[in-house]
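If you want the building blocks of each chain, they are given just below.
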Amino acid sequence: MNQPTATRKFPEPRTAGETLLSVRSLGKSYGAHQVLGDISVDVRTGEFLCIVGPSGAGKTTLLQCLSGLIPPSSGSVSLRGVEVNEPPAEMAIVFQDYSRSLMPWLSVLDNVSLPLRSTKMPKADIKKKATAALEEVGLAGHLDKYPWQLSGGMQQRVAIARALAFEPEIVLMDEPFASVDAQTRSDLEDLTLRLKQHLGITIVLVTHDIDEAVYLSDRVLVLGGKPTEVVDLIETHLGDDRDQISTKSTAQFAELRAKVYQEIRTQPAPGQA
Amino acid sequence: MNTLKKIAWELWLPIVLITLWLVLSAGSTSFYFPPLSKIMEQFVHIWFFDGIVSDLLPSLQRILLGFLLAVVVGVGGGVLLGLLRRTEEALRPLLELLRSTPGVALLPIATLFLGVGQEMKLFMIALACTWPILLNTIDGVRSVEPVLLQVAKSYRLTLLQRIRFIYIPNAAPQIFAGGRLSLAIAAVVMVVTEMIGSPGGVGYFVLNAQRNFDLLSMWTGIIMLGLLGYLLNFAFRLAENRILRWHHIKNA
């Protein structure tokens, strides 16, 4: 496992457990069509929260509201008490489709460096930080390649490195592993878990995969209904040491999985309410 | 070996044609079509190096300045109009009309306002060259992947950074396509404006030679124009291959 380099100063989860991102009665409508009903949740500092729900439930819409990319129709989102109207500097987003979220005309290193250009950091420091972030995700040998010369899993690692280099306190991920094969997917899941523990960042990840949600989460937010509302918020208590095989074969994991599955299944499918 | 093969493959037809011209025109006594060997002799005599200094360099300077001006206006205006969707929609019919008007149609009025000197020539070249670059830049700026704009927003890139790292690179392949078209147009407009304008330039040289019944010199001027156009296009492709390397490898 990589050790954190001395130059990186990720905010310690000094107040772990305290509310970082607060969502209050959030609703989103497109015209007369209400996608999100009345969603309230507090994301705690240092936790891994997965948002899971049936496809079409507006998970991506919710994430975009959380990040300030789109304004909610009602309710509010605040980061440490400050209302989120645009993506805050303490937040980074990893988008679902890596093939479209990376700039094809920039090298891997330049892609990761780009967000740092919005800060006033000297160029040499930017390069150092970007390189460190790429080392963190295991891409030290691919700095000068173009993203499209890498495999899908590696491209998503570039996108993750870009988020890390931005040194956020909270990372939002929108179905980040949806378009890679199963083996790569578990590798990336473990990488994400490791980064979260390693760097003390808070992660909110949207997925439709129940196994993934349970495996990664400290808490799982189950969405359902029409319009979409919070069905349940489950603490997993799976601890920090997780393993794709042993964790997933525990009775506790099976129980959680069944519970989430049931909660999603009993919800009317979107469009049939 | 491969490069040699490639060069040979590209060169065989021109060599055959030139040889044919050389052989078939060898005994020509026609006033209008002198033997190529004579033309070549005259070519060296006229152009090396007096002609290059007095006529080729001014033409080259004109075409490059006019083209550069068109790139600045075309890319700058294209980015602006690409970003201001409503304004562009309102201006679109006007732009299409102006683009469809042959550039040289404005020659009479341009000479009225700007005379027959350098200003008029540069203006005419730049004007005719701007349209393909401008319209292609607008399209290129419009076609940016929306996810990239969300990325830019989430990482708080400034407008200038978005333009530099997203809009212009995204539009670059189309800007170059427009630029290549513009360069060909620039050569045409340069010759035309030189033919009606003040002395100096290869276009003026060709017309002047013809008026003096010096057809041998006229032919050397025409050949020089051909070479100039070819070399400009060659240089342009070199620059394109360098700047759009990612695009060419990606689509190879």
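If you're wondering where the values come from, they're calculated on a predicted model, not measured in any experiment.

> Would you explain the sheet that holds strand S3 (residues 48–52) of chain A in this entry?
Two modes of strand pairing occur in sheets, parallel and antiparallel, and in both the strands are linked by backbone hydrogen bonds. All names here are of chain A. Reading across the sheet, the six strands line up as S6-S7-S8-S3-S9-S10 and stay open at both edges, with mixed pairing between neighbours. Where the open sheet ends on each side, the last strands, each with one partner, are strand S6 (91–94) and strand S10 (229–235). Taken over all neighbouring pairs, the strand axes of this sheet differ in orientation by 15 degrees on average, direction set aside. Where S6 and strand S7 (residues 170–174) come together, four bridges link them in parallel fashion. Paired with Ile93 across the bridge in S7 is Leu172.

> Would you mind showing me how to read helix H6 (residues 182–199) of chain A here?
Residue and element names in this part refer to chain A. Over its 18 residues, H6 runs 25 Å from end to end, which matches the ideal 26 Å to within 8%, given 1.5 Å per residue. Buried within H6 we find Leu188, Glu189, Thr192, Leu195, Lys196 and Leu199. Angular distribution of buried residues about the axis of H6 spans 130 degrees; they occupy a single face of the element. Against S3, helix H4 (123–136), helix H5 (152–165), strand S8 (202–207) and helix H7 (210–216) lie the buried residues of H6.

> I tried to follow the domain arrangement of chain A on my own but got confused; where do I start?
Reports of interface size often rely on the accessible area that becomes lost once the parts have come together. All names here are of chain A. Domain annotation for chain A reports domain 1 (15–90 + 173–273) and domain 2 (102–167). Of note, the centres of domain 1 and domain 2, computed from C-alpha atoms alone, are 25 Å apart. Taken together, the contact pairs nine residues of domain 1 with six residues of domain 2.

> Mind showing me how you'd approach the sheet that holds strand S4 (residues 74–79) of chain A here?
Residue and element names in this part refer to chain A. One open sheet accounts for four strands, arranged S2-S1-S4-S5; its pairing is antiparallel. At either margin of the open sheet sits one strand with a lone partner, and together these are strand S2 (33–44) and strand S5 (82–83). Pairing of strand S1 (residues 19–30) with S4 involves five bridges; the strand directions are antiparallel. Bridge pairing links Leu21 to Leu79 in S4. Helix-sheet contacts for helix H1 (residues 59–67) involve S1, S2 and S4, and the interaxial angle to S1 is about 125 degrees.

What counts, and where the lines are drawn
Residues numbered from 1 in each chain as written. Chains lettered and ligands numbered in written order. Predicted model: local features only at pLDDT ≥ 70, side-chain atom pairs only at ≥ 80, totals over all residues. Pairing = 2+ DSSP bridges. Helix = DSSP H or I, 4+ residues; strand = E, 2+ residues; numbered from the N terminus. Axes fitted to C-alpha atoms, helices over the stretch in contact; angles between N-to-C directions. Expected span 1.5 Å × (residues − 1). Buried ≥ 20, exposed ≤ 12 C-beta atoms within 10 Å, placed from the backbone. Arc of directions from axis to C-beta. Contact = placed C-beta atoms within 7 Å. Domains from an automatic or database assignment.

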